[in-house]
Each structure stands twice: as C-alpha cells, then as structure tokens.
Amino acid sequence: MDGRTRILIRGGKVVNEDLSFMSDVYIENGKIADIGRNLKVPAGAQIIDATNMLVMPGGIDTHTHMELAFMGTKAVDDFYIGTKAALAGGTTMIMDFVIPQKGTSLLEAYDRWRSTADPKVCCDYSLHVAVTWWGEQVKREMATLAAEQGVNSFKMFMAYKDVFMLSDQELYSAFSQCKEVGAIAQVHAENGDLIAEGAKKMLALGITGPEGHEMCRPEAVEAEATQRAVTIAHAVNCPLYVVHVMSKSAAKVVSNARRDGRVVFGEPIAAGLGTDGTHCWHKDWAHAARFVMGPPLRPDPSTPGYLMDLLANDDLSVTGTDNCTFSVCQKALGKDDFTKIPNGVNGVEDRMSVIWEKGVHSGKMDENRYVAVTSSNAAKIFNFYPQKGRIATGSDADVLVWDPNSTRTISASTHHQAVDYNIFEGMVCHGVPVVTISRGKVVYERGELAVKAGAGRFVPRPPFSEFVYKRVRQREQVCQPTAVVREPYRGKVISL
Ligand code: URP
Ligand code: ZN
Ligand code: ZN
Ligand code: ZN
C-alpha cells in the first residue's frame, strides 16, 4: 500500500443542489477524485455500500458558538465535543463567531479563537468576526482580517445594549467598511433599546420567569431592527445577511427586501424550524429556561412551518443552529430574573435531521433544495464553493451518506453534545446520517465515531464572493446618484 486513503461509495444517489443522479463516488487523499457509474474498485479502497441511500455534500452549519464565554458563564460544547457531535449528525463544517469585548482588538480575539479551536476541531471550520465597537483600529483590523486572515463576514449586534450593541451611525460605518473590504455584513437584528425598556417593564410587573424573555422583545422588536438593517445596508450598497431569523415578521421583512431587489440573505436556525417558544410558558422552570435564546423562539406555533415555507421557496437562503449550549445549572443563573438566563440552545448535531423531517419529509422542499439550504448556499455566500457544498471531482471529500427512509428519535440520552438536555427531545426524524466522511476519512459510521481532535482545518474565505458581489459591484458602477445639470439661480435671495 502507498499510504493513500481511498474510499469508494457504491450504488447511491448523488444529490447536489441542482440535480440528483445515480453514481459511485471515489475519494482519494481527502478529495473527490472520480464520479461515475460502476467505477473500478482501486486497490486497497474501503467500500461503502450506499444502495437506497443518498450521497450528499456534508452539512455546513453557518452559526455556532463553541465554548463561548457569555452572560457570566461558558458554553459547554467546546470545539472538540461540538464538532464531534456535528459529524455524528452529518455536518462536516462549522462557522463559529469570534466575539471581541468592546474596546479590544479584533485581530487578537481572532488569534485567540484560532489557538483555542485549531487543536480541538474534529471537522473543518471557519470564523466570522463580530464588530462590537467602532473606531479607526476596528476599521483597519477588518481590512487586515479580510485581506490576510480569510474572514469575509462580520457580525454586528443591534441588541445587547452596553455590551455588544452598535448605534445606527456605527452600523453605517461598519457596513461601509464591509463593502470596502469585500465582506458580508451580518446582523443580530433586535432593537436593544426596546429590549432594555421591555425587560424593566416585565420585571416591574413581577414577571421574572422565562416567558418574560419573549414578552419583553416581541416580534416587532426583531422586525423593526431587521428593516433598519436592510435600509442601512441598502444606503451603502452593502450585502446583508440576517442571522437567526426567528419570527414570521422578521422573515417577511427579509422576503420583501429580496423582492425589492436587495442583496439580502436570511438564516433561520434548526431551533426556529423545529420547535417553538410555547415551551417558555411551561410550569417547570428548568424546562422553560432551556428554550431561552435571542431573538426568542416565538410562542406562535405556526412560526416553524412558516419559516420552512420561506426557506423552501428561497425567501430565506441558508440554515445554521446558533448552537450555544448552557446546561440547566448554568441557565439557573437566571432563576429569579429572566434577563440573567444565559441565552442559547443546541442544534449542531440535529440540524440535518430536523430540516429533513420538517422540510423534505413534510413535502415542503425536495432533496436538492435540502442540499442548497444545508450546505451549498453557505459555501456560495461565504465564498468556498465548490471546494465544499458540492459532490464534484476536485471538491473536498466532506460527504454524507444519508438514509431517507430510516428514522431516529432525538434525545439527550443518546446525543453527543455536552449539554444535559435537548430542545428537540422525543422528536422522531426520518432521515438518518449513516456515514459521515470528513477530509476523506470515515469519521462516523452507523453510530460509531472515529474522530481526532485537531484533525479539522481552518477554511480561509477570500473576500468579494462572486455569488454576492457581482451585483454589488455592478450597482456601484451604474447606480450612482447624479446631479441635475442646470443654470445657476440668478434671482433674489432674502437676507437673514
Ligand atoms: O441566544 C443566543 N443567540 N446566543 C448566542 C449569541 C447570539 O446572539 O448569537
Ligand atoms: Zn446573535
Ligand atoms: Zn415543553
Ligand atoms: Zn449566535
């Protein structure tokens, strides 16, 4: 043997975002090397029988917060456990967020995240960077991150007043710099001032439990900020990506903006598509607190289905999880005051199954749209397609063998995450990951994980993603405002 890793996936149906076809897939040394019917078995190749299975690009989770220090504690899924769980669920790449404290260096925070994640990740990953304050240093560092460190997306918070929140003026500056350096502006769209006032009001009314979290920041608070972000992004001709779209009202804003021709993308998350906020009214405090995240899961039970319809029809574009997990004893920091409950839910392991169940099994989307919203669109928007997000010769061998006919029941008792509950507990999902291949190696097969900390690599993303920036650049050329050429006014002018 020559030491090369060879895998032949035989007899499956390859599913890309644009078409499906029966084919074998041959993997060699971390890349997809050949695609075709009845491929010859190369010497020493591991054979995977994919009869009656789908062979898809591995999932890309656009939104995670592994081991994030947040609201006085630290998320329990670290980069090792979190990426291990991702692989068990069919996700082969995560995109996490560097979140610097106000007034501190973005570059130093980025370096810190890299040195934390690099030795632990079991799958490939990439980093968005948050802009939590504004100044010349931030502007300079955004340019360096985009040009030299493979960061083409920056998240701006419109919520978390006095912690991460930016003013409209600062958003304008940050969006302008995103466009300058070829990045995508991401927003956490909620009106932070209204949340702060709403929270005071709820506490004054004696509402201290998890239901107060949603009641102080209803849908309109999310929709208003979403519209404001769309307006500011349009004013500076900057592409916009709305993270964690959680309500019907905010989703409508994104959808309308797209119909108005704006370069805007909306990201619903597994939690918002698979469950709802009614749980926050549960009599058992610990049960209710598990579902607290921002923006909140909505108590309107028709929300998940509505978000899925929009996702199926391209009003919303891509899916993440916002995986930011706090165990019940951590959530209990807010046992007497909902504003102190650490915000965040699970999802990284279950996103692929939840979206298959609620999207494909329900008949709302087909298998190709499923690949688009779980993988390809992320790779296109964030500029690493077709390196990932496609089963094609030369692409990275991040591959998922999927059984659409089997079912599994989601439970904290069987999941691989560190958190001590699962918000999807008891959900029966059609669509089961059978084999996950990461960087050309089988890392999960029929319930067995074979992962190694540090086996994943950082995926740098060049600026000016064509998928996003072609339109932006053209508009910059042809949509500049022009003055009316006229004779100077020669009449009387009053004196003041
Ligand atoms: O509740 C949430 N979403 N926690 C993580 C931080 C964020 O805003 O994404
Ligand atoms: Zn957020
Ligand atoms: Zn419940
Ligand atoms: Zn988040």
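All figures in this text were calculated on a predicted structure; none of them were measured in a lab. (Residues numbered from 1 in each chain as written. Chains lettered and ligands numbered in written order. Predicted model: local features only at pLDDT ≥ 70, side-chain atom pairs only at ≥ 80, totals over all residues. Heavy atoms only, no water.)

*Asks:* So, the pattern of salt bridges: which residues are in play, and what are the values?
*Replies:* Evaluation of the coordinates by the stated rule reveals 30 salt bridges. Between R6 and E28 there is a salt bridge; the shortest N-O distance is 3.5 Å. Pair noted here: R6 is in strand 1 (residues 6-15) and E28 is in strand 2 (residues 20-28), with a separation of 22 residues, a long-range link. We note that R6, like E28, is buried. The residue D124 makes a salt bridge to K388 at a minimum N-O spacing of 2.7 Å. Residue D124 is found in strand 10 (residues 124-131), and its partner K388 is found in the loop between helix 14 (367-381) and strand 15 (399-409); the two are separated by 264 residues along the sequence. The residues D124 and K388 share a single accessibility class, namely buried. Among the charged side chains, a salt-bridge network with shared partners connects K31, D124, K388, D396, D398 and R439. (Salt bridge = Lys/Arg side-chain N within 4 Å of Asp/Glu carboxyl O. Helix = DSSP H or I, 4+ residues; strand = E, 2+ residues; numbered from the N terminus. Buried < 20%, exposed > 50% of the residue type's maximum accessible area, 1.4 Å probe, protein only.)

*Asks:* Please provide a residue-by-residue account of the coordination of the zinc ion (ligand 2), values included.
*Replies:* For a metal bound by four donors in tetrahedral geometry, the ideal donor-metal-donor angle is 109.5 degrees, whereas six donors in octahedral geometry ideally sit at 90 or 180 degrees. Coordination sphere of the zinc ion (ligand 2), protein contribution only: K155 (NZ), H188 (ND1) and H244 (NE2), at 2.1 to 2.3 Å. Positions of the donor residues of the zinc ion (ligand 2) along the chain correspond to the pattern K-x32-H-x55-H. Separating the zinc ion (ligand 2) from the zinc ion (ligand 4) is a distance of 3.8 Å. Residue K155 is found in strand 11 (residues 153-157), and its partner H244 is found in the loop between strand 13 (240-242) and helix 8 (248-259); the two are separated by 89 residues along the sequence. In this structure, K155 and H244 share a single accessibility class: buried. (Donors = N, O, S within 2.8 Å, 3.2 Å for Na, K, Ca; no water.)

*Asks:* Pulling in residues and values, what's your account of the packing of helix 4 (residues 168-181) against helix 7 (residues 219-235)?
*Replies:* Put simply, helix 4 and helix 7 touch, their axes get as near as 9 Å, and they point 45 degrees apart. On the basis of their axis angle, the class for helix 4 and helix 7 is oblique. Here helix 4 and helix 7 pass one another in a crossing that is right-handed. Facing helix 4, whose interface residues are D168, L171, Y172 and F175, helix 7 presents R228, A229, I232, A233 and A235. Considering only residue class, the contact of helix 4 with helix 7 consists of seven nonpolar, no polar and two charged. (Axes fitted to C-alpha atoms, helices over the stretch in contact; angles between N-to-C directions. Parallel < 35°, antiparallel > 145°, perpendicular 65-115°, else oblique. Left-handed = near helix turned anticlockwise from the far one by under 90°. Contact = heavy atoms within 4.5 Å. Nonpolar A, V, L, I, M, F, W, Y, C, P; charged D, E, K, R; others polar.)

*Asks:* Can you tell me about empty space enclosed by the protein, naming the residues and giving the values?
*Replies:* Taken as a whole, this structure holds one cavity of 30 Å³ or more when the rule is applied. The computed volume of the largest cavity comes to approximately 130 Å³. The residue makeup of the lining of the largest cavity, split by class, is seven nonpolar, six polar and two charged. (1 Å grid on protein atoms, 1.4 Å probe; cavity = no way out; pocket = protein on both sides within 12 Å on 5 of 7 lines; lining within 4 Å. Points joined across faces, edges and corners; volume = space filled by probe spheres on them.)

*Asks:* A description of the confidence of the model for the protein should follow, citing residues and the corresponding values.
*Replies:* Of the residues in the protein, 99% reach a pLDDT of 70 or more, and the chain-wide mean stands at 98. Reported for the predicted complex are a pTM of 0.98 and an ipTM of 0.97. (pLDDT = per-residue confidence, 0-100.)

*Asks:* Hey, could you go over the coordination of the zinc ion (ligand 4) for me, with residue numbers and the actual values?
*Replies:* Looking at the zinc ion (ligand 4), the protein donor atoms are H63 (NE2), H65 (NE2) and D322 (OD), and they sit 2.0 to 2.1 Å from it. Classification of the site at the zinc ion (ligand 4) as irregular follows from its four donor atoms and the range of 88 to 141 degrees in their angles at the metal. Donor residues for the zinc ion (ligand 4) sit on one chain with the sequence pattern H-x1-H-x256-D. On the basis of relative accessibility, which here comes to 7%, the residue D322 falls in the buried class. (Tetrahedral: all angles 85-135°; square planar, octahedral: opposite > 155°, others 65-115°.)

*Asks:* Residue-level account of the site of ligand 1, with values.
*Replies:* Around ligand 1 sit 14 residues in total, of which K155, H188, G294, D322 and N343 are the nearest. Here an oxygen atom of ligand 1 sits 3.1 Å away from a polar atom, N or O, in the side chain of H65. When the free accessible area of ligand 1 is taken as 270 Å², the share hidden by the protein chains comes to 99%. Tallied by class, residues from the shell around ligand 1 come to five nonpolar, seven polar and two charged. (Near = heavy atom within 4 Å. Polar contact = N/O pair within 3.5 Å; in protein donor to acceptor, adjacent residues only side chain to side chain. Areas by Shrake-Rupley, 256 points an atom, 1.4 Å probe, with all protein chains shown as cover.)

*Asks:* Which residues make up the pairing of strand 16 (residues 428-438), and what values do they have?
*Replies:* Strand 16 sits mainly inside the fold: nine of its eleven residues count as buried. The pairing of strand 15 with strand 16 spans eight bridges and is classified as antiparallel. In the strand pairing of strand 16, V401 is matched with V435. Two elements, strand 16 and strand 17 (residues 441-445), share four bridges in a ladder whose sense is antiparallel. If you follow V435 over to strand 17, its bridge partner there is E445. (Pairing = 2+ DSSP bridges.)

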